[in-house]
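Structure assessment
The chain contents come next:
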Amino acid sequence: MHFHPRTGSVQQTVIGHTARVFARGIVMPNPTPTEPILTAKDVRLRRAELVRNTQGTGFTPLMTIKLTRDTTPQIIDGAVEEGVVAAKGFPDIIEIVKSYGGWESRFVVPDETFGRMEEVGLPFSWHCELPPDAGEKLGIPFTQREVECLALTEAAIYSRFPRLRIIVEHLSTAEAVRWVGNKLGETVEVNGVALPRVAGTLAIPHLFLTIDDVGGAKLHPHLFCKPTPRFYEDLSSIRAAAVSGLPCWSLGTDSAPWTRWRKECPEGNAGLFSAPVALPALAGLFEQAGRLDRLEDFVAKFGADFYGLPYNEGKITLVKDPEQPMKVRREYGGIVPYLAGEFLPWRIAGTTSN
Ligand code: NCD
Ligand code: ZN
Ligand code: ZN
């Protein structure tokens, strides 16, 4: 369950919405834009803060490191020793360089690093989009950057590192759904256990929004995220994937809070704070599809299967009670949540711990 718990006072404001409900979550390695989690040492520091802020909840933060051009095989070893569950790539691990008079995009992370991840069984968690300069240099608009990046990923990573396990995060296009879906059934053996080679997380924005919601009428900065929600056919294929019951799809809320002033400004940041509403909203979606029976697998099991983790023993109880709906607050400590101010028929009635 991919999420961004941030740091400092923002973490203190938001973490309870995840830690009180979920028994664990995969912590993305970008607590702030300028202080990424790059090494085992950073992992220790950030994990300690999360443990402090989730005391008494039983929550386990599953840590990751951020890949860069400087991530060496030794850094991978150190991170694995520290217990990280994945190394995460953001679009900044791709550079677009001049070649033979044209432009070429390529990964900057050394091959030996991907090779070591493959060897030790550390999955590649992948925000699969070309970086913003793909527009100017390659003429590829932002709506196409995921698909173009998948083609590069297929050639440069998937084909060349056959035992590297890849989890494509927050898919936003029908093409990406097909790419991951086509690889269903491929496995890689890690410590004697066959685990899926490729999987995908589906995030709240791409399960509920299209580009029209973000900027079709007026600009809605609180709905802006990366990858930017796309078109209606993308939305329907992402929804169909979520309720399909296929084990390659799991929830990654991608809850990514920003304070109001960092959203409502000339260069508003990407990310939705979805943690308070993720489960009630999903229950409504699965109910509409007549597939409430598949919600638990999507939320709690298929992600664990990809990482080879045991299932949680605890339970989350959701109830539908239109008489007593969940009222979503307009703000949490200066952060505007997804569905702010709305009433939701489903709510979390309780949890039992592990
Ligand atoms: C994320 C964030 O805010 O940290 N934003 C987002 O729109 N998803 C970054 C990311 O997941 O790429
Ligand atoms: Zn991302
Ligand atoms: Zn994310």
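Residues numbered from 1 in each chain as written. Chains lettered and ligands numbered in written order. Predicted model: local features only at pLDDT ≥ 70, side-chain atom pairs only at ≥ 80, totals over all residues. Heavy atoms only, no water.

1. Section: the overall build of the protein chain
- The secondary structure content of the protein chain amounts to 13 helices and 17 strands.
- The C-alpha radius of gyration computed for the protein chain amounts to 19 Å, which stays within 12% of the reference 20 Å derived for 354 residues, consistent with globular compactness.
- C-alpha extents for the protein chain along the principal axes are approximately 65 × 45 × 40 Å.
- For the protein chain, with 354 residues in total, the buried portion stands at 54%.
- Looking at the protein chain as shown, the accessible area adds up to about 15500 Å², and 52% of this sits on carbon and sulfur atoms. (Helix = DSSP H or I, 4+ residues; strand = E, 2+ residues; numbered from the N terminus. Rg over C-alpha atoms; globule rule 2.2 N^0.38 Å. Buried < 20%, exposed > 50% of the residue type's maximum accessible area, 1.4 Å probe, protein only. Areas by Shrake-Rupley, 256 points an atom, 1.4 Å probe, with all protein chains shown as cover.)

2. Describing the coordination of the zinc ion (ligand 2)
- Bound to the zinc ion (ligand 2) on the protein side are His127 (ND1) and His170 (NE2), at distances that span 2.1 Å.
- Metal-centred angles of 56 to 140 degrees between the four donor atoms at the zinc ion (ligand 2) mark the site as irregular.
- A distance of 3.5 Å spans the gap from the zinc ion (ligand 2) to the zinc ion (ligand 3). Of this pair, His127 sits in the loop between β8 (124–126) and α5 (134–138) while His170 sits in the loop between β9 (166–168) and α7 (174–181), and the two are 43 residues apart along the sequence. Each member of the pair, His127 together with His170, is buried. (Donors = N, O, S within 2.8 Å, 3.2 Å for Na, K, Ca; no water. Tetrahedral: all angles 85-135°; square planar, octahedral: opposite > 155°, others 65-115°.)

3. Looking at the sheet that holds β9
- As summarised here, the arrangement of the six strands in space is β4-β5-β8-β9-β12-β13, forming an open sheet in which the pairing is parallel. Bordering the open sheet on either side are β4 (64–66) and β13 (249–251), each of which pairs with just one other strand. Strand-to-strand twist in this sheet, taken as the mean axis angle between neighbours without regard to direction, amounts to 30 degrees.
- Sheet analysis places β8 next to β9, joined by three bridges and oriented parallel. The residue of β9 that forms the bridge with Ser125 is Ile167. (Pairing = 2+ DSSP bridges. Axes fitted to C-alpha atoms, helices over the stretch in contact; angles between N-to-C directions.)

4. Re the pattern of salt bridges
- For the coordinates displayed, the defined rule picks out 21 salt bridges.
- When the shortest N-O distance is used, the salt bridge between Asp77 and Arg116 registers 2.4 Å. Placement of Asp77 in helix α3 (residues 73–81) and of Arg116 in helix α4 (residues 111–120) is noted, with a sequence separation of 39 residues between them.
- Two residues, Glu154 and Lys183, come together in a salt bridge whose shortest N-O distance is 3.2 Å. Of this pair, Glu154 sits in helix α6 (residues 145–158) while Lys183 is found in the loop between α7 and β10 (187–190), placing the two residues 29 residues apart along the sequence.
- For Lys183, a relative accessible area of 7% translates into the label buried.
- Through salt bridges with shared partners, a single network forms among Glu35, Arg46 and Glu49. (Salt bridge = Lys/Arg side-chain N within 4 Å of Asp/Glu carboxyl O.)

5. A closer look at helix α10 (residues 232–242)
- Regarding α10, the residues found buried are Asp234, Leu235, Ile238, Ala241 and Ala242. For α10, the buried positions fall inside an angular range of 125 degrees around the axis, keeping them on one side. The outward face of α10, more than 90 degrees from its buried face, is lined by the exposed residues Tyr232 and Glu233.
- For α10, the elements touching its buried residues are α7, β12 (198–202), α8 (204–208), β13, α12 (278–288) and α13 (295–307). (Arc of directions from axis to C-beta. Contact = heavy atoms within 4.5 Å.)

6. Section: the pairing of β10
- Burial of β10 is one-sided: the residues Val188 and Val190 facing one way are buried, the residues Thr187 and Glu189 facing the other way are not.
- Hairpin remark: β10 followed by strand β11 (residues 193–196), antiparallel, with two residues in the connecting loop; positive phi at Asn191, about 45 degrees.

7. Overview of the site of ligand 1
- The immediate surroundings of ligand 1 are formed by 13 residues, with Arg6, Asn30, His127, Lys226 and Asp254 found nearest.
- Contact between ligand 1 and His4: an oxygen atom at 3.1 Å from a side-chain N or O atom of the residue.
- Between ligand 1 and the protein, one listed contact pairs an oxygen atom with a side-chain N or O atom of His127 at 2.7 Å.
- In the complex, the protein chains occlude 93% of the 310 Å² of accessible area that ligand 1 would expose alone. (Near = heavy atom within 4 Å. Polar contact = N/O pair within 3.5 Å; in protein donor to acceptor, adjacent residues only side chain to side chain.)

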